[in-house]
Structure formats: C-alpha cells, structure tokens
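# Geometric and topological summary
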Amino acid sequence: MVVRYNIALWGSLICLAGIILMLNQDSLEKQFPTPHEWSFITRMRVRGAKSANNHGGPKGKNWDEIIVSCREALKRLEDPNIDGAGVRELLNDEPLSIEGLGNVGKDISDKSENWRRGYYEVMMLLARSLEQVDGWVKDKTRNIVCPPQMVVGPSNPRPEPMPPGAPSAPKEENCEPAYESAENAYLRILTTKGFSTKQRLDAALAYAFFLDYKRLPEAAERVYDWALSIATESADPSSPPLVDRRTLTIHDKATPPSDNVLSVLTAIATQKARSGDLSAALPMFISLLRARRSLPSTAAEGSVEETAAAAAAASAAEARSSWWQKLWELAKPPQYPPPPPDGTQAPWRSAKNLCEEAALHLYIGEILYSSQDKAQMREEGVAWTRDGVDLAEEQLRKLGTTGAGDAKETCKECLTTGLENWSTMVKRLARQEAEQHKKREESGGGGSSFGAFWSQPKPQEVEARWAAEEKVVQERVRRTSELLIDAAPPESFVQSLLKA
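Residues numbered from 1 in each chain as written. Predicted model: local features only at pLDDT ≥ 70, side-chain atom pairs only at ≥ 80, totals over all residues. Heavy atoms only, no water.

### So, the overall build of the protein
Where we set the bar: Think of it this way: any DSSP run of H or I at least four residues long counts as a helix, any run of E at least two long counts as a strand, and we number them from the N terminus. Each residue's exposure class comes from its accessible area (1.4 Å probe, protein chains only) as a fraction of the maximum for that residue type: buried when under 20%, exposed when over 50%, partly exposed otherwise. Note on contacts: a residue pair qualifies if any of its non-hydrogen atoms lie within 4.5 Å across the two residues. Here the open area of atoms and residues is found with the Shrake-Rupley method and a 1.4 Å probe, where only the protein chains shown may cover a residue.
Broken down by element type, the protein carries 18 helices and five strands. Taking all 500 residues of the protein together, the buried fraction comes to 35%. Excluding contacts between residues fewer than 6 apart, the proportion of contacts in the protein whose partners are at least 24 apart in sequence is 65%. If you sum the accessible surface of the protein, you get close to 30,200 Å²; carbon and sulfur atoms cover 56% of it.

### Regarding the sheet that holds strand β5 (residues 175-177)
One key point about sheets: their strands pair by backbone hydrogen bonds, in either a parallel or an antiparallel sense. Quick reminder of the rule: A pair of strands is considered paired only if DSSP assigns at least 2 bridges between the two. Throughout, an axis means a line fitted to C-alpha atoms (over the contacting stretch in the case of helices), and angles, computed between N-to-C directions, take values from 0 to 180 degrees.
If you trace the three strands from one edge of the open sheet to the other, you get β4-β3-β5, paired in antiparallel fashion. At either margin of the open sheet sits one strand with a lone partner, and together these are β4 (144-146) and β5. Strand-to-strand twist of the sheet, defined as the mean angle between neighbouring strand axes without regard to direction, takes the value 35 degrees. Across three bridges, the pairing between strand β3 (residues 137-139) and β5 is antiparallel.

### Quick word on the UniProt feature "transmembrane region" (unreviewed entry) in the protein
We count it as follows: UniProt positions are given in the numbering used here, feature names are shortened, and annotations may be inferred rather than shown by experiment.
Here, UniProt's "transmembrane region" (unreviewed entry) annotation points to residues 7-24. With 100% helix and 0% strand, residues 7-24 has end C-alpha atoms that lie 25 Å from one another.

### Overview of the packing of helix α7 (residues 217-232) against helix α8 (residues 259-274)
Here is the rule: Should an angle lie under 35 degrees it is considered roughly parallel, over 145 roughly antiparallel, and from 65 to 115 roughly perpendicular; all remaining angles are considered oblique. Helix crossings get a hand from a simple test, with the near helix turned counterclockwise from the far one by less than a right angle marking a left-handed crossing and a clockwise turn marking a right-handed one.
Axis separation between α7 and α8 bottoms out at 8 Å; the angle between their running directions is 160 degrees. Considered as vectors, α7 and α8 are oriented roughly antiparallel to each other. The element α7 and its partner α8 pack so that their crossing is left-handed. Counted together, Tyr224, Ala227, Leu228, Ala231 and Thr232 of α7 and Asn260, Val261, Val264, Leu265, Ala267, Ile268 and Gln271 of α8 form the full contact between these two elements.

### Section: the confidence of the model for the protein
Selection rule: Values of pLDDT, which run from 0 to 100, indicate the predictor's confidence residue by residue.
Residues of the protein with pLDDT of at least 70 account for 83%, and the chain-wide mean is 83. Ignoring residues within four places in sequence, the model shows residues 446-455, a span with pLDDT below 50, making zero contacts including any to other chains. Taken as a whole, residues 492-500 scores under 50 in pLDDT and shows two contacts with residues more than four places along the chain or in a different chain.

### Considerations on the pattern of salt bridges
Under the convention used in this document: Salt bridge, as used here, is a side-chain nitrogen of Lys or Arg placed within 4 Å of a carboxyl oxygen of Asp or Glu.
As enumerated under the stated definition, the model contains 25 salt bridges in all. With a closest N to O distance of 2.8 Å, Glu121 and Lys50 form a salt bridge. One end of the pair, Glu121, is in helix α4 (residues 113-132); the other, Lys50, is in helix α2 (residues 40-54), and 71 residues separate them in sequence. Note on Glu121: relative accessible area 30%, which makes it partly exposed. The shortest N-O distance in the salt bridge between Arg397 and Glu393 comes to 3.1 Å. Residue Arg397 and its partner Glu393 are located together in helix α13 (residues 375-399), separated by four residues, close to a single helical turn. By relative accessible area, which is 6% here, Glu393 ends up buried. Each of Asp390, Glu393, Arg397, Arg476, Arg479 and Glu482 takes part in one network of salt bridges that share partners.

### Focus on helix α3 (residues 63-78)
Heads up, the rule is: The span you would expect from a helix comes to 1.5 Å times its residue count less one.
Compared with an ideal rise of 1.5 Å per residue, which puts 16 residues at 22 Å, α3 spans 22 Å between its outermost C-alpha atoms and is within 8% of the ideal. Those residues of α3 lying buried are Trp63, Ile66, Ile67, Ser69, Cys70, Ala73, Leu74, Arg76 and Leu77. The elements touched by buried residues of α3 are α2 and α4.

### Section: the nonpolar core
The criterion, for reference: Here, the term nonpolar core denotes a set of buried Ala, Val, Leu, Ile, Met, Phe, Trp, Tyr and Cys residues that are joined through side-chain atoms within 4.5 Å.
Among the nonpolar cores identified, the biggest contains 72 residues, and Tyr119, Leu130, Tyr186, Ile189, Val264, Leu265 and Phe285 are the most heavily contacted of them. With 10 residues, α4 is the largest single contributor of residues to this core. Leu399, Cys414, Leu415 and Ala430 belong to the second-largest nonpolar core, a separate cluster that totals 25 residues.

### Re a nonpolar patch on the surface
Applied cut-off: Patch membership requires over 30% relative accessible area and the absence of a salt bridge. Like charges are linked within 9 Å, and nonpolar side chains (Val, Leu, Ile, Met, Phe, Trp, Tyr) within 5 Å.
A contiguous nonpolar patch, built from Leu9, Trp10, Leu13 and Ile14 and spanning about 450 Å² of accessible area, is present on the exposed surface. Its place among the elements puts Leu13 in helix α1 (residues 2-31). Judged by its relative accessible area of 40%, Leu13 falls in the partly exposed class.

### As for unusual backbone geometry
A positive phi angle, near 60 degrees, is found at Asn143, a position not held by glycine. Along the chain, Asn143 falls in the loop between β3 and β4. When its relative accessible area of 55% is taken as the criterion, Asn143 is described as exposed. The phi dihedral of Arg215 falls on the positive side, at around 60 degrees, and the residue is not glycine. For Arg215, the position within the fold is in the loop between α6 (197-213) and α7. A relative accessible area of 75% places Arg215 in the exposed class.

### Quick look at the environment of Thr141
Where we set the bar: Any pair of nitrogen or oxygen atoms within 3.5 Å is treated as a polar contact; in protein, a donor-acceptor pairing is required on top of that, and neighbouring residues in sequence qualify only through side-chain atoms on both sides.
Inspection of the secondary structure puts Thr141 in the loop between β3 and β4. Considered as a pair, Thr141 and Lys171 are 30 residues apart in the sequence and their alpha carbons are 9.9 Å apart. Polar contacts involving the side chain of Thr141 include one to the side chain of Asp139, which spans 2.8 Å.

Right under this line is the structure:
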C-alpha cells in the first residue's frame, strides 16, 4: 500500500509539474515565437533568454542568465548533431578567426528563412546583452562578477559600494574579464553568410552605436561607411550613384532610395549632429526630407508592406472575434510570424514614414535653433519644430486606437520629443523677450515727460509674442495628452467577475 500510494502521489505531482511546464512554454511561445524546426531544449533556452530580457526582476535584468542561455542556444544551433545540420564554415571547413577578436561567423545559406531569422535574433540578443556588461570583471578566487567601478585597486582609487547583501568588493589583482566584447559578437553577425541586407544593416548600425558609446569615433565612422556600402549594394550599377559619398546627400535625380539607405543616412546624420558637426548634418537632413517627400503615397501592389498591412488588419479582426473563437485560437499552436521587409525597396508614405518626416523636421529645427545666434534663425528653428509637431499629431489622430504598433510608437516618440523641444525653445525666447522688454522700460523711464508724451508704445501683443506662444504650447501639451497615454480596453463581463 505504501508503494502504491507513493507511486500515485509522486506520479500525480510529476504529471502536474509537466502540465505546468508545457503551459508555461506555450505562453512564452506566444510572446516570443521560435522556429518550429528547432529542438525543444533549444527553443526553451531561447524563450527563457527573451523572457529574462523582457521582464527584469527587482534588481534589474539578469544579464548573466541571458548571456549564458544565448551561448548555449548558439552551441546547439551550430552543432551538426543537434540543430546545425547544414551549417558550414566560411573557408575550407575550418573555423576562421580574426586576431584579437575571435572566431567569425558561419555559412547558414542552406538553412530555411525561419531558421536564419531565429539564429539572427539570438545573436543580436547576445550582442546587445554583452553591451550592457561591457568591462565587467570576474573575481577568480570567489567567482563573483561585478562592474569595474566597484573593484578595489590602483586604477580605481574611489570604488563604488557593493549592493546591500552582496559580498565584499573584489580586488583588482584577482580579477579578469568576465565576458567577451560585444564587438566580437557584432563582427560574427556581419561576417555570417546567409543573413538578409536588412539584418546585416541593423547589426552594423548597432555596432556603430556601440563604438560611439565607447568614444571611438574613427572606428564608428568606418562601420557607418560599411553600413552604407551594405545598404547600397543592391542598387543598379548602370544607374547614376544614389548617394554623394563626399556630402552623404541623396542626388535629386536619382531613383527613389530604399528603406535601408534612408535608415543608414538618418543614423549618420544624427551621429554628426550629436558630435557637433552641424554644417554636415543639416544638408543631410534636408536631403532626407526631400527624398521622403518624393516617395509614393500608396504601397505598391503585392509588396511586402501591403501584405504586412493585410496581416495586421486580419489580426485586428481576430482580436474582435467572439469568446469561443478566442478559445479555439488559444488551443491552436502559435505560428512563427512571417518575415519582415528586407528594406531593399523604396517605402511609401505610410503613417510611420510620415512620422519619420516629422522627426526630420525636429532635427532641422533643433539645428537651426542652435547653430546661429540670429533671431531669424531661431524663429525658423521654432517654425520647423512646430511643423513637425503638427505632422506627428495629425498622423497619431488618424491612427486612433486601431493603428499599427510600430507606427503608433514612432509617432508617439516624435510627438513627445517635438513638444519638449518646442516648449524649451519658446521658454527661452519668452525669457529673452521679457528681459529685453524690462531693459527698454528701464532705459525709457529716465527720459523727459515731453518725449514720453509723444512716443508711440508698441501693442502688448507684439511685446509678448513668445509668451503667447508659450501658452499655445501648454495648451497643445494638454490637448495631446490623451494621444500619448494608452487606455486599457474595457474588461468583458467574465473577466470582471474573475477579478478581485
């Protein structure tokens, strides 16, 4: 009887634990899809890494868990006996390495598109996680990992205190680098054969941003040039050059630029503006705005963007389906999402791209406002910023509550940034206006009464021009607050009963 009851009890607990595990994995699969051709353990590791990256604990994200999970998943994906059948080395079936950086990428051209896309997502997650722990060290004596500013040693005479409850700070002589450099991870992506143009371009831009953060401008400039070469490699060689390599502006009579070219030129112009090279950034932003305005107003028939819009409309229709239909969809296994556009085609002026135009207005306005000390240039900067806010608000109102997620997020970011820039500019101009008005009153107060009698004072509206526009900005912020806050949809009757 004891054996029988133990078998029944422990068997029931094991079955219950297995059911909970499968339900948890099914829920994670709906949030973070993985290719169905991967093995279960590989998919579970990737889901765990994405979940840990998306949901941080009370002490923040566990970067070590994310990095270890990504490494283990990549080992399984590159192992020909598990999930890496058909993955080859780039040269003579031997691992190729770069001195000082480590191994380069693989040849995954024979794998399916879903396999390659999932492999790319894991590698990018690993690279972005390594960015967060750049420079972290490991105490060899106690196996403790911590940031370099907490290490006690000659190179850090004033170390930061360790978190509450953590062990004592490690000594510099006992430490070694805890993780590989993110630079190696990005180079592995860029040297992997089989990724799309859009994927390699995104990796190159992320690598350039990382080098900017590391304050390596020359290396970042070379990577930006590499990204531009990737974006323009699909252009027709018989047609005139699309981009002027000297000024990095788009030729007026060239064919419409692709989405990849617009993305990389916007990133380069933004980097130049942040580094203080405004004379080079301003023509680039103007050229980008001119190119975006020349794009078609509708998507090409049969294009990837049109297919994505149809899929978004279908998903919105499913969201409005009945309760039984939602229950049936919940029981079905989740599908891996279709591939996104590769960026080699010219985009159309969708809501998201119109908000990108609004962002260019903001860039141009900020440069004009800060580049010159003339009142006319500052007024033009405010005008450009005002136009950008109007365009972003218009598109956000058109999207409403049923708009696409990416387009809404882009418009929200643009509208928020535009309102902040507009408010800051007008406040400064209103303060300068008040100071000038005060000086005029003080200088005119000591004059003769005869002159004051015949003088013609300016109207108060003219004197308080920027103060009046400051009130307009405040009213615009109040009016657009409803667009920047996502209201939760009303709960159904069944959900309201189950909620405490």
